[in-house]
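Spelled out, the chains give:
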Amino acid sequence: PVSFAYHTLCMPGSLEGLRALSPAEEYLRIVASAAARGLAPPDKTVLITGASGYLGQHLIAHLARTFPTWRLAAAYGGLDTFAEDFGAVCACVQLDLTDGAAVTALVSEVKPDVVL
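Per chain, residues are indexed from 1 in the order of the written sequence. Given that the model is predicted, a residue must reach a pLDDT of at least 70 before its local features are reported, and side-chain atom pairs must reach 80 or more before they are shown or counted; all residues, however, enter totals for whole chains, interfaces and linings. Only hydrogens and water are set aside; all other atoms, that is, all heavy atoms of the structure, feed into the side-chain values.

Turning our eyes to something else, we now look at the overall build of the protein. Per the secondary structure count, the protein includes four helices and six strands. For the protein, the α and β elements follow one another from N to C terminus as β-β-α-β-α-β-α-β-α-β. Among the 116 residues that make up the protein, the fraction classed as buried is 24%. Sequence-distant contacts in the protein: of pairs separated by 6 or more residues, those separated by 24 or more amount to 52%. Of the accessible surface of the protein, which amounts to about 7700 Å², a share of 61% is contributed by carbon and sulfur atoms. Strands here mean DSSP runs of E at least two residues long; helices mean DSSP runs of H or I at least four residues long; both are numbered from the N terminus. Burial classification: accessible surface area is computed with a 1.4 Å probe over protein chains only, and a residue below 20% of its type maximum counts as buried, one above 50% as exposed, and the rest as partly exposed. Contacts: residue pairs with any heavy atoms within 4.5 Å of one another. Note that accessible areas follow from Shrake-Rupley with a 1.4 Å probe, and for residues the cover is restricted to the protein chains shown.

Next comes the structure, spelled out in structure tokens:
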């Protein structure tokens, strides 16, 4: 099953969070918290989809800087310079995410612990 982050409305005085975290976001929050306390997270393989977008590019830069031992793979769309810009920190695969066979092949090849 696929979980998506969803937004909820909060009334004044309610809990701090304005939205629930997806499992991937919760995982990254826990790992970042552990890293901030000096606890080394285990090596992971992370597949970032939509990597050529604004958030994807910043996520790659953050993960590469924060967790240099992690293996990063990036599935990106039509940004011609993406592999040139990020190839030093992650494996770059140009991919149409609507092509189910291509996505299945990529996941089988990369074997990610986390997909973002």
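Now, onward.
Moving on, we get to the nonpolar core. As used here, the term nonpolar core means buried Ala, Val, Leu, Ile, Met, Phe, Trp, Tyr and Cys residues forming a set that is joined through side-chain atoms within 4.5 Å. Ranked by internal contacts, the top residues of the largest apolar core, which has 16 residues, are Ile60, Leu63, Trp70 and Leu72. Ranked by the residues each element gives to this core, the list is headed by strand β4 (residues 71-76), at three residues. Ignoring anything within four residues of it in the chain, the contact list for isoleucine 60 reads Ile48, Ala51, Leu72, Ala74, Phe82, Phe86, Val89 and Cys90. Membership of the second largest hydrophobic core comes to six residues, among which are Leu47, Ala75, Leu106 and Val110.

What follows covers the sheet that holds strand β6 (residues 114-115). A sheet is described by the order of its strands in space; here four strands give the open sequence β5-β4-β3-β6, paired in parallel fashion. Whereas interior strands pair on both sides, the edge strands pair on one side only; in this sheet they are β5 (91-94) and β6. Direction of pairing for β4 relative to β5: parallel, over a ladder of four bridges. From the neighbouring strand, alanine 75 faces β5, where its bridge partner is valine 93. Helix α2 (residues 54-66) rests against β3 (45-49) and β4 of the sheet, and its axis sits at about 165° to β3. Two strands form a pair only when DSSP identifies at least two bridges running between them. Every angle, taken between N-to-C directions, lies between 0 and 180 degrees, and every axis is a line fitted to C-alpha atoms, over only the stretch in contact when it is a helix.

Take unusual backbone geometry next. A positive phi is found at lysine 111, a non-glycine position, where the angle reads about 55°. Locating lysine 111 in the fold gives a position in the loop between α4 (100-110) and β6.

It is worth spelling out the packing of aromatic side chains at this point. Each Phe, Tyr or Trp ring (for Trp, its six-membered ring) is paired with any other whose centre lies within 6.5 Å, and the angle between the two planes then decides the class: stacked below 30 degrees, edge-to-face above 60, tilted in between. Under the definition given, this model contains three aromatic pairs. When the centroid spacing of 4.9 Å and the interplanar angle of 25° are considered together, the rings of phenylalanine 82 and phenylalanine 86 count as stacked. Taken together, the residues phenylalanine 82 and phenylalanine 86, both in helix α3 (residues 82-86) and four residues apart, mark about one turn of the helix. A relative accessible area of 0% means that phenylalanine 82 is categorised as buried. Every member of this aromatic cluster is reached through a ring pair, and the members are Tyr76, Phe82 and Phe86.

Take the side chain of threonine 45 next. One can find threonine 45 in strand β3. Setting aside chain neighbours within four positions, we find threonine 45 in contact with Arg71, Val110, Lys111, Pro112, Asp113 and Val114.

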